[in-house]
Amino acid sequence: MTDESTRDALIAAARDAASRAYAPYSGFHVGAALLLKNGDVVTGANVENASYGLTLCAETAAIAKIANEGWIGELAEVAIVGGRPDGDALLGGDAVHPCGRCRQILNEAAERSKTDILVHCGSGDGMTVTSYRLSELLPAAFGPKDLGLID
Ligand code: THU
């Protein structure tokens, strides 16, 4: 796949994942798609809770899935999208960027994967996408390398 078609496929997977969000409180559906080094794609969506602060973001849910499979060191690239639902799809708007906590959680997998991963940030309709390196979104990160776990 070309870089552009990888980005487009990940945005599409993130939009599909967002349709499985559990977000009855905010009404804001977020989907994340993680590309692994072997080409597999693992997705997640936000999971809200009546105790609002317990909400799990889409990126965190997706990283938990790969970590639990033993693939935390296999991350290659990420896409996230978010918006308000319109039937099974999402309305457009601005691109959604990962929250601060999710940047840190993505960094754990990125350092373990020895990759400054691309993070594609998309609007709900996928029409607006801005791509960053994780190091741009979380400069001078603290991570496993600081604790001597990575060369
Ligand atoms: N949300 C995510 O899933 N990821 C982010 O990076 C930002 C915010 C979710 C949390 C909550 O369910 C909803 O978006 C509104 O904040």
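Residues numbered from 1 in each chain as written. Predicted model: local features only at pLDDT ≥ 70, side-chain atom pairs only at ≥ 80, totals over all residues. Heavy atoms only, no water.

A.B. asks: How should I be thinking about the side chain of Glu111 in this particular structure?
C.D. replies: In this fold, Glu111 is placed in helix H3 (residues 100–112). Relative accessible area serves as the criterion here: at 13%, Glu111 is assigned to the buried category. Excluding residues that lie within four positions of it along the chain, Glu111 makes contacts with Phe142, Gly143, Pro144, Lys145 and Ile150. (Helix = DSSP H or I, 4+ residues; strand = E, 2+ residues; numbered from the N terminus. Buried < 20%, exposed > 50% of the residue type's maximum accessible area, 1.4 Å probe, protein only. Contact = heavy atoms within 4.5 Å.)

A.B. asks: I would appreciate a short explanation of the site of the ligand in the present structure.
C.D. replies: All residues in the neighbourhood of the ligand are listed as Ser26, Phe28, Val30, Asn46, Glu48, Thr55, Cys57, Ala58, Glu59, His97, Pro98 and Cys99. Expressed as a share of its isolated accessible area of 380 Å², the protein-covered part of the ligand is 78%. Here the shell around the ligand is built from residues that sort into 6 nonpolar, 4 polar and 2 charged. (Near = heavy atom within 4 Å. Areas by Shrake-Rupley, 256 points an atom, 1.4 Å probe, with all protein chains shown as cover. Nonpolar A, V, L, I, M, F, W, Y, C, P; charged D, E, K, R; others polar.)

A.B. asks: What is the right way to read the sheet that holds strand S6 (residues 118–123) from this model?
C.D. replies: Across a sheet, paired strands are connected by hydrogen bonds in the backbone, their directions being either parallel or antiparallel. An order of S2-S1-S3-S6-S7 is seen for the 5 strands of this open sheet, with the pairing classed as mixed. Edge positions in the sheet fall to strand S2 (41–45) and strand S7 (129–133), since each has one partner strand and no second. Averaged over all adjacent pairs, the angle separating strand axes in this sheet is 15°, with direction ignored. In terms of strand pairing, S6 meets S7 through 5 bridges, oriented antiparallel. In the strand pairing of S7, His120 is matched with Ser131. Across the sheet, helix H1 (residues 3–18) is in contact with strand S1 (29–36), S2, strand S3 (75–83), S6 and S7; its angle to S3 comes to roughly 50°. The sheet contacts of helix H2 (residues 58–68) involve S1, S2 and S3, and relative to S1 the element is tilted by about 35°. (Pairing = 2+ DSSP bridges. Axes fitted to C-alpha atoms, helices over the stretch in contact; angles between N-to-C directions.)

A.B. asks: Is there a simple way to explain the nonpolar core in this structure?
C.D. replies: It is characteristic of soluble globular proteins that their nonpolar side chains tend to be buried jointly. Within the largest apolar cluster, 22 residues are counted, with the highest numbers of intra-cluster contacts made by Leu34, Ile63, Leu75, Val78, Ile117, Val119 and Leu134. Leaving out residues up to four positions away in the same chain, Val119 has contacts with Val78, Pro98, Thr130, Ser131, Tyr132, Leu134 and Leu137. With 10 residues, the next largest nonpolar core counts Leu10, Leu35, Val81 and Leu90 among its residues. (Core = buried A, V, L, I, M, F, W, Y, C linked by side-chain atoms within 4.5 Å.)

A.B. asks: Would you explain the packing of aromatic side chains in this entry?
C.D. replies: Given two aromatic rings, one states the distance between the centres and the angle between the planes to describe the pair. This structure, assessed with the given rule, holds 1 aromatic pair. When the ring of Tyr25 is compared with that of Tyr52, the centres are 5.4 Å apart and the planes differ by 45°; the resulting orientation is tilted. Taken as a pair, Tyr25 in the loop between H1 and S1 and Tyr52 in the loop between S2 and H2 lie far apart in primary sequence, 27 residues in all. The class of Tyr52 is exposed, set by a relative accessible area of 59%. (Phe/Tyr/Trp six-rings, centres within 6.5 Å; stacked < 30°, edge-to-face > 60°.)

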